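Structure at a glance
Letter by letter, the chains look like this.
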Amino acid sequence: AVIIEGRVMGFILLLLAVGLFYLYMYLAKQGRKISARTFAAVAAIPEAVGRAAEMGKPIYYSTGYAMETISNPDQGPQTLAGISILGHVAALCARSGVNIAYFTDIADSLPLVEETLRNAYLSEGKPEAFDPTMIEFQAGQSPYLTASLGYIQRERPASCILMGGFYYESVVLGEAGNIIGAMQIGGTANTHQMPFMIATCDYALISEELYAASAAISEDQVVLGCLAGEDVLKLIILAILGIGFLLSLGGGTFIAKILGM
């Protein structure tokens, strides 16, 4: 009894989550259209690319330090979301004739990044415009950051887009972009870096908005189905907490006891 004390409700919510995810994924596969709300940061990406086209300058893009691997359970999903958004940005750059430079220190993400960029240019009918040298790899957080700062100072990109698992480089890159007057769009799920993103970027994706934006851009109905299931689960939990709060005002502890199971 001691082993499962306090875990029964957690297990029930886990089963509920799995059920909701499966339901909405099934509905998506059956053709039900699931959409995500429009994020200001995503809506601003065409503006960032257009600004670069008007100024005749490139775009700087990075997915952050992210513990240098996409296999990290916390940082890997953020990197993958950032790479998904990279494909959208690269397609817009190909369409507008804007150069994009991608900086990373994540070695095992390079094949995916290259394929994403190659497909983006191919989708716009410009496969010959893809150049592998637009990907700058530097092993280690400090070398990657130093290379990024050097590029920003030399090329003075019109826009800087930071999407992924960032650490202290978020504020350094953000300030570097502000110094040259670049338009900046950021996004990370690392809570310790969100304040820096918000302070230094014109637009920011906060926490799970990064994943939702990636899913919305890719229009993957299965992934969007997972997001829909997650949102329904949140509403259920908020409803339970709200009812428990109201009952507690009258001295009722029924909900509290259930949640403590």
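See the structure shown above.
What follows is about the side chain of Gln75. Mapped onto the elements, Gln75 comes out in the loop between strand S1 (59-62) and helix H4 (76-96). Gln75 sits in the buried class, given a relative accessible area of 4%. Of note is the side chain of Gln75, whose polar atom sits 3.3 Å from the side chain of Tyr167. Contacts of Gln75, omitting those with residues within four sequence positions, involve Ala66, Met67, Gly165, Tyr167 and Asn190.

Below, the discussion takes up the pairing of strand S4 (residues 159-163). Among the five residues in S4, five count as buried, and that is most of the element. The alternating pattern of S4 places Ser159, Ile161 and Met163 on one face and Cys160 and Leu162 on the opposite face, and all of these are buried. Strand direction decides the pairing type here: S1 and S4, joined by four bridges, are parallel. Paired with Ser62 across the bridge in S4 is Leu162. Sheet topology note: the S4/strand S5 (residues 183-188) ladder contains five bridges and is parallel. When the sheet's bridge partners are listed, Leu162 is paired in S5 with Gly186.

With respect to the secondary-structure elements, Gln141 resides in helix H6 (residues 141-155). Here the side chain of Gln141 touches Glu169 through a polar contact of 2.8 Å, side chain to side chain. Among residues more than four places away in sequence, those in contact with Gln141 are Tyr65, Glu68, Asp105, Tyr167, Tyr168 and Glu169.

This model, assessed by the stated rule, comprises five salt bridges. A salt bridge links Glu209 to Arg37, with the nearest nitrogen and oxygen atoms 2.9 Å apart. Taken together, the residues span a long stretch of sequence, with Glu209 in helix H9 (residues 209-218) and Arg37 in the loop between helix H1 (8-29) and helix H2 (40-43) at a distance of 172 residues. Its relative accessible area of 21% is what places Glu209 among the partly exposed residues. The partner of Arg95 in a salt bridge is Glu124, with the nearest N and O atoms 3.0 Å apart. With a gap of 29 residues between them, Arg95 in helix H4 and Glu124 in the loop between helix H5 (110-123) and strand S3 (135-137) connect regions that are remote in the sequence. Exposure remark for Arg95: the relative accessible area of 52% places this residue in the exposed category. Among the residues examined, Glu124 registers a relative accessible area of 25% and is labelled partly exposed. A network of salt bridges, in which partner residues are shared, links Glu208, Glu230 and Lys234.

Before going further, it helps to spend a moment on the packing of aromatic side chains. Under the counting rule described, the total for this entry stands at seven aromatic pairs. An angle of 35° between the planes, with centres 6.3 Å apart, marks the rings of Tyr60 and Tyr151 as tilted. Here Tyr151 lies in helix H6 and Tyr60 lies in strand S1, a separation of 91 residues in the sequence. A single burial state applies to Tyr60 and to Tyr151, both of which are buried. Ring geometry for Tyr121 versus Phe130: centroids 6.3 Å apart, planes at 55°, classification tilted. The rings of Tyr60, Phe103 and Tyr151 are connected pair by pair, giving a single aromatic cluster.

This part takes up the nonpolar core. With 49 residues, the main nonpolar core has Tyr61, Ile85, Val89, Ile100 and Ile185 as its most contacted residues. Sort the elements by how many residues they give to this core and H4 lands first, with ten residues. Not counting chain neighbours up to four residues away, the residues in contact with Ile185 comprise Ala41, Ala44, Ile45, Ala48, Cys160, Ile161, Leu162, Met163, Cys201 and Tyr203. In terms of nonpolar packing, the next biggest core, distinct from the first, is built from 17 residues, Ala101, Ala147, Leu173 and Cys201 among them.

Rules used throughout
- Residues numbered from 1 in each chain as written.
- Predicted model: local features only at pLDDT ≥ 70, side-chain atom pairs only at ≥ 80, totals over all residues.
- Heavy atoms only, no water.
- Helix = DSSP H or I, 4+ residues; strand = E, 2+ residues; numbered from the N terminus.
- Buried < 20%, exposed > 50% of the residue type's maximum accessible area, 1.4 Å probe, protein only.
- Polar contact = N/O pair within 3.5 Å; in protein donor to acceptor, adjacent residues only side chain to side chain.
- Contact = heavy atoms within 4.5 Å.
- Pairing = 2+ DSSP bridges.
- Salt bridge = Lys/Arg side-chain N within 4 Å of Asp/Glu carboxyl O.
- Phe/Tyr/Trp six-rings, centres within 6.5 Å; stacked < 30°, edge-to-face > 60°.
- Core = buried A, V, L, I, M, F, W, Y, C linked by side-chain atoms within 4.5 Å.

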